[in-house]
Amino acid sequence: MPNFTDVTEFILVGLTRRRDLQVLFFVVFLVVYMITLLGNIGMIVLISISPQLQSPMYFFLSHLSFVDVWFSSNVTPKMLENLLSETKTISYVGCLVQCYFFIALVHVEVYILAVMAFDRYMAICKPLLYGSKMSRVVCVRLISVPYIYGFSVSLICTLWTYGLYFCGNFEINHFYCADPPLIKIACGGVHIKEFTMIVIAGINFSYSLSVVLLSYTLIVVAVLRMRSADGRKKAFSTCGSHLTAVSMFYGTLIFMYLRRPTEESVEQGKMVAAFYTTVIPMLNPMIYSLRNKDVKEAVSKAIAKADLGQ
């Protein structure tokens, strides 16, 4: 029988053991985190104060920004602390809490992206019914489902993480408490956790991605039937930003969670995880605003109003 050991804390190896690179990474990720907070909080405030941004699309976008703030904040502050710290530890309870919020927010985000795809389908394929079918009450109900489902599924997944046993190796080869590296160092409860991780990730990613792909298949068919070139251009421009965000987020998550944890996959997963926990939340406000005429106009009006106020 394995010699199970009570765990009080873990050591987070981080992105690298090289001290010179740790300082460089600290500066880089601190800047990225500040831009993430400013960009996403700015997007939430802009949507809340701009009359032209009160459509369902921007309502869902504000929730995507809200989730991105918490998604990045769940991981980045601890990563920054450990980059400058000699101990680089996280308590066992802190590790479970970080796991819980990480899994919950991942599920919330993938289903918000699916809801946003459905919203684009309704706007482009059912324009006459859009106002009545996507009322504020309906939007609130649609956005409530990802939160309720995500935090419920995460509770179950975290309980399986709690069921892992360790035999003296408390060094996590990662910069946050992620399931794959935890499974790699565990010596008990591994098979059920590994199986449920892959199955739950597979089911949820497949289902939410199916909603996105089906919505956009129907959108493409509807757009190709449009006679107006301007109409086709506008439809593709509004969908292009969302498809970019979907491709980046799903691609990195599938790479991370739909593989069996090995030493090589865990090592590769660290750089991929750095991308989707810090870089993608920073990029999302830029992706949705740079090519969006409504957002640009709202920013111009907000700046003009601020100048008049002075």
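Computed from a predicted structure; not experimentally measured.

(A) Quick look at the environment of Arg141. Take Arg141: it is sitting in helix H5 (residues 136-162). Under the relative-accessibility criterion, Arg141 is labelled exposed at 61%.

(B) Summary view of the UniProt feature "transmembrane region" (unreviewed entry) in the protein chain. Mapped onto the present numbering, the UniProt feature "transmembrane region" (unreviewed entry) falls on residues 23-46, 89-118, 138-162, 205-224, 236-259 and 271-290. Within residues 23-46, the helical portion is 100% and the strand portion 0%, while the C-alpha atoms at the span's ends are 34 Å from each other. Segment residues 138-162 splits into 100% helix and 0% strand. End C-alpha atoms: 37 Å apart.

(C) Broad picture of empty space enclosed by the protein. Scanning the model with the defined rule gives five cavities of 30 Å³ or more in all. Computed from the structure, the second largest cavity encloses a volume of approximately 80 Å³. For the second largest cavity, the full set of lining residues is Leu12, Val13, Gly14, Leu15, Thr16, Gln22, Met79, Asn82, Leu83, Lys88 and Phe175. For the lining of the second largest cavity, the leading source of residues is helix H2 (residues 56-84), giving three residues.

(D) Spatial organisation of the layout of surface pockets. A volume near 590 Å³ is recorded for the largest pocket. Lining of the largest pocket is provided by 23 residues; of these, Met57, Arg120, Lys234, Thr238 and Asp294 occupy positions nearest its centre. Mapped by element, the contributors of at least two residues to the lining of the largest pocket are H2, helix H3 (92-125), helix H4 (127-133), helix H8 (229-257) and helix H10 (293-309). Looking at the lining of the largest pocket, the element that brings in the most residues is H8, giving six residues. Its residues assigned to classes, the lining of the largest pocket shows eleven nonpolar, seven polar and five charged. Computed from the structure, the second largest pocket encloses a volume of approximately 240 Å³. As for the second largest pocket, its lining consists of Tyr111, Ala114, Val115, Phe118, Leu142, Val145, Pro146, Tyr149, Tyr207 and Val211.

(E) Region of interest: the pairing of strand E1 (residues 9-12). Only one face of E1 is buried, namely the one carrying Phe10 and Leu12, since none of Glu9 and Ile11 on the opposite face is buried. The pairing of E1 with strand E2 (residues 89-91) spans three bridges and is classified as antiparallel. Looking across to E2, one finds that Glu9 is bridged to Ser91. Note: E1 against strand E4 (residues 171-172), two bridges, orientation parallel. Residue pairing in the sheet places Ile11 in a bridge with Glu171 of E4.

Parameters and conventions
- Residues numbered from 1 in each chain as written.
- Predicted model: local features only at pLDDT ≥ 70, side-chain atom pairs only at ≥ 80, totals over all residues.
- Heavy atoms only, no water.
- Helix = DSSP H or I, 4+ residues; strand = E, 2+ residues; numbered from the N terminus.
- Buried < 20%, exposed > 50% of the residue type's maximum accessible area, 1.4 Å probe, protein only.
- UniProt positions renumbered as here; feature names shortened; annotations may be inferred.
- 1 Å grid on protein atoms, 1.4 Å probe; cavity = no way out; pocket = protein on both sides within 12 Å on 5 of 7 lines; lining within 4 Å.
- Points joined across faces, edges and corners; volume = space filled by probe spheres on them.
- Nonpolar A, V, L, I, M, F, W, Y, C, P; charged D, E, K, R; others polar.
- Pairing = 2+ DSSP bridges.

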